[in-house]
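# Structure assessment
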Amino acid sequence: MARVAGKVALVTGGALGLGKATAEMLAREGAKVVVTDVNVEEGQKVAQGIASNGGEAIFIEHDASSEAQWKAAIQSTLDTYGRLDILVNNAGIGFLANVEETSLEAWRKTQSVNLDGVFLGTKYGIEAMRKSGGGSIINLSSIEGLVGDPNLAAYNASKGGVRIFTKSAALHCARQRYGIRINSVHPGYIWTPMVEAVTNGTDTEKYQSLVDLHPVGHLGEPDDIAYGILYLASDESKFVTGTELVIDGGYTAQ
Ligand code: NAP
């Protein structure tokens, strides 16, 4: 039995990396998937790939930091599939700099995608899910939402914000008896285009220094995170809300 059969899911930043793996896994497990991203070419490929493997998916061009585009993306989802059951607020950007080197512009850009985007998705996701009678929202935070890194000042702030905002929204939905659960996911370093950009490939000192941060001795794969998201998306986690699922190879255990 597919684990999210009959559900409708929207995954932001679904063109690459963790979003792509999540969209494909949810589709394999029976969901109809709305893939959204600013990267149109790669996003369309993901939706087409799902369809050619027998699943159901559409692509919508969508900047997660834009309120108008959120309204349009949710409306298109409802127009196409009639409901929304699962929302994965995955779109995010990295910004590598310490507090002294971070400009206000870079700070605001990071918050606008990583934090405003999650806020907007959660707000409009709740509105749509109330009409569908409930649902599950999964917000991508990070180990960087739990522990500090001197060279990730703006990113740390955005991901810490996602962590505690998720709890506030989860409590609100629980107390209102909406049947909407909201949780955050906290990956360690996972081999995606975002991390590839930081290390310039696997054969570098920077790559090895990231590996060394993980007690298991290697970085994660996108499916390591997608499996956690699948659990939170499915009814198997029906008693789970406001929690933080850490998937990090032991990074934050030490
Ligand atoms: P990625 O490889 O960079 O992929 C992110 C996707 O999101 C890209 O397709 C990107 O498009 C898109 N995107 C960027 N800005 C967007 C916006 N404003 N609206 C919609 N889409 C946008 O990133 P990833 O590694 O898969 O990370 C996914 C999420 O997990 C992020 O929130 C990240 O912070 C979080 N995370 C990742 C790791 C990790 O190690 N990979 C660890 C912890 C948390 P473009 O390529 O065109 O920019």
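Residues numbered from 1 in each chain as written. Predicted model: local features only at pLDDT ≥ 70, side-chain atom pairs only at ≥ 80, totals over all residues. Heavy atoms only, no water.

Here helix 1 (residues 17-28) crosses helix 8 (residues 222-233) at 50 degrees, and the two axes come no closer than 8 Å. When the interaxial angle is binned, helix 1 and helix 8 end up oblique. Between helix 1 and helix 8 lies a crossing of right-handed hand. Along its contact with helix 1, which presents Gly17, Leu18, Ala21, Thr22, Met25, Leu26 and Arg28, the element helix 8 presents Pro222, Asp223, Ile225, Ala226, Tyr227, Ile229, Leu230 and Ala233. Within the contact of helix 1 with helix 8, the residues separate by chemical class into eleven nonpolar, two polar and two charged. (Axes fitted to C-alpha atoms, helices over the stretch in contact; angles between N-to-C directions. Helix = DSSP H or I, 4+ residues; strand = E, 2+ residues; numbered from the N terminus. Parallel < 35°, antiparallel > 145°, perpendicular 65-115°, else oblique. Left-handed = near helix turned anticlockwise from the far one by under 90°. Contact = heavy atoms within 4.5 Å. Nonpolar A, V, L, I, M, F, W, Y, C, P; charged D, E, K, R; others polar.)

A few words on the site of the ligand. Taken together, 29 residues form the shell around the ligand, and within it Leu18, Asn90, Tyr155, Ile190 and Thr192 come nearest. At 2.6 Å, a side-chain N or O of tyrosine 155 approaches an oxygen atom of the ligand. Here the ligand has 890 Å² of accessible area as a free molecule, and 87% of this is covered by the chains. Of all the secondary-structure elements, those providing two or more residues to the shell around the ligand are helix 1, helix 5 (153-175) and helix 6 (193-199). The residue makeup of the shell around the ligand, split by class, is 16 nonpolar, ten polar and three charged. (Near = heavy atom within 4 Å. Polar contact = N/O pair within 3.5 Å; in protein donor to acceptor, adjacent residues only side chain to side chain. Areas by Shrake-Rupley, 256 points an atom, 1.4 Å probe, with all protein chains shown as cover.)

Moving on to the side chain of threonine 192. Tracing the backbone through its elements, the reader meets threonine 192 in the loop between strand 6 (180-187) and helix 6. Leave out the neighbours within four places in its chain, and threonine 192 touches Gly17, Leu18 and Pro222.

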